[in-house]
Amino acid sequence: MDVTDQQVDVLAIGAGPANLALAVAIEESGVDGLAENTLVLEQYPDAKWQRNLLLPWARSQVSFLKDLVTLRNPRSRFSFLSFLHERGKLDEFVNLGTFNPYRWELSEYMQWVAESLERVRVRYDARVERIEHRRGPDGEIEGWTVSLSSGDVVRCRDLVVGTGRDARVPDVFADLPKNVVIHSTQYCSRITEVPADQPARVVVVGGAQSAAEMFMAVHQDLPLSEPTLVLRSIGLRNYQTSKFVNELFYPSFVDEFYDASADTRARILDEMHLTNYAGLAPPFLDELYSMLYQQRMLGRQRSTVRSMTEVVAARTEGDDVVLDLLDHRSGTVERLRCDLVLLGTGYDPRMPRMVRDLAERAGLPEISVSRRYRVDLGDSARGAMYLQGVNEATHGISDSLISVLAHRSQDIVTDLLDRRAVAGAVSG
């Protein structure tokens, strides 16, 4: 296969909701040449949202009005409602009487958006192997060189990283064989590797939405399994759904949060933990409780929930995985043997490894992001790097969610255009 060397103006890594929203904002900007010189790279053969938790019954916890465009441009042809209308599904969705689509519906919507782009290009099966910065004669960063696993090279002036955070695998599980551990980011792809016609002792670790969804799903995917859910908290809890608290997800709150002191930001993030990271959607929590209730009442106790319990050691003995469980009520440690461990342990809170490595090679003492999501590379840098979805510490908890996608995209586009205007004035 011939190796290509391609040059673009803006290169976005990851065709997830963040970069698809940006692609739409760039295409709708009306600026000559910008969209035509923008490329989105996706490592998979398609664009999907939460591809490994696309469970048929799982719903989005966010209103469909917070799609890729509506809060920025309610007239956009790229809205979720436009998608439903074009697919002939609008009447049925309206008849559901809900603001919360199924997750697979939003995933199909995002693929539709990718296919509907007319000028911004999306390249699939494009896995990034390495990113290098390029410096000009004055030593300042002028752009980026991205090498793909195919051997192709893409060069750009501005780089946008929208790949999300790295999966978090707690150290206690690090030495287990890979074939007996499945993180939630791998669930749908890998659970099919487990024989469904054989009994399986499955332990799910975690107390938030992803852990609970795997706990529910494995009952169907492995019908002979005996699942155990292990969580450190006193029990599964609802998301915080107060409308007063939800105002902190307004795009307009990003300004207030960004301008706050570090202490205030930390306090707000701590207070909002239960709005996203440590709870379940209330309807789903009721479904899960009902399943366990029926088991108890009908005398077919298949599932176990062990609260206030922590896995303090994990190893293999023969064909068994052995977990040491610390019961925080009694202080005792008990061994639990199982066949498979499912991790609903979330994501590494640090910047993605790709970004940390790139910052280190570029000699950045720290990763500092402006209000418009641009990494500080120095005032004279011609090239830029933007980060999407990993800026909770500076932009608020909504930065990792779809709530602010539309407005964040506009912020980045505005910054792109302002920088070009300044460069044009200087060169002129």
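Reading the values: the criteria
Sequence order as written defines residue numbering, which begins from 1 separately in each chain. Predicted model: local features are reported for residues with pLDDT of at least 70 only, side-chain atom pairs are reported and counted for 80 or more only, and whole-chain, interface and lining totals are derived from all residues. Computation of side-chain values covers all heavy atoms of the structure but excludes hydrogens and water. Strand pairing requires that DSSP identify at least two bridges connecting the strands. Secondary structure elements are taken from DSSP: a helix is a run of H or I of four residues or more, a strand is a run of E of two residues or more, and numbering for both begins at the N terminus. Only C-alpha atoms enter the line fits that serve as axes; for helices the fit covers just the stretch in contact. Angles between N-to-C directions range over 0 to 180 degrees. Partly exposed describes any residue whose relative accessible area lies between the buried limit of under 20% and the exposed limit of over 50%, with all areas from a 1.4 Å probe on protein chains only and scaled to the type maximum. Note on handedness: a crossover is taken as right-handed if, strands pointing away from the viewer, the path from the first strand over the helix to the second is clockwise. Only Phe, Tyr and Trp rings take part, Trp by its six-membered ring, and two of them pair if their centres are within 6.5 Å. Stacked means planes under 30 degrees apart, edge-to-face means over 60, and tilted covers everything else. Note on geometry: a ring has a charge over it if NZ (lysine) or CZ (arginine) is within 6 Å of the ring centre and within 35 degrees of the ring normal.

### Structural notes on the sheet that holds strand E11 (residues 309–317)
Strand order in the open sheet formed by three strands is E11-E12-E13, with antiparallel pairing between adjacent strands. Of all the strands in the sheet, the pair left with one neighbour each is E11 and strand E13 (333–338). Strand-to-strand, the axes of this sheet are offset by a mean angle of 25 degrees, without reference to chain direction. For strand E12 (residues 320–327) and E13, the ladder comprises six bridges, and the chain directions are antiparallel. Opposite Val321, over in E13, you have Cys338 as the bridge partner.

### Things to note about the pairing of strand E9 (residues 225–230)
Taken across its six residues, E9 has five buried, putting it largely inside the fold. Note: strand E8 (residues 200–205) against E9, six bridges, orientation parallel. Among the inter-strand pairings, Val202 is bridged to a residue of E9, identified as Pro227. Assessed by its sense of winding, the connection that carries the chain from E8 through helix H6 (residues 209–221) to E9 is right-handed.

### Notes on the sheet that holds strand E14 (residues 340–343)
Spatially, E7-E14-E8-E9-E10 is the arrangement adopted by the five strands of the open sheet, whose pairing is parallel. For this open sheet the edge positions go to strand E7 (181–183) and strand E10 (304–306), each flanked by a neighbour on one side alone. Pairwise comparison of adjacent strand axes, ignoring direction, gives a mean angle of 20 degrees for this sheet.

### Observations regarding the packing of aromatic side chains
Any pair of aromatic rings gets described here by the distance separating the centres and the angle formed by the planes. On inspection of all chains with the given rule, the structure shows twelve aromatic pairs. Between Phe80 and Tyr109 the ring centres are 5.5 Å apart and the planes differ by 90 degrees, which places this aromatic pair in the edge-to-face class. Residue Phe80 is located in helix H2 (residues 80–87), and its partner Tyr109 is located in helix H4 (residues 103–116); the two are separated by 29 residues in the primary sequence. The burial state of Phe80 is the same as that of Tyr109; both residues are buried. Through successive ring pairs, a cluster of aromatic residues spans Phe64, Phe80, Phe83, Phe93, Phe99, Tyr109 and Trp112. The residue whose ring lies beneath Arg265 is Tyr258, and the NZ or CZ to ring-centre distance is 5.4 Å.

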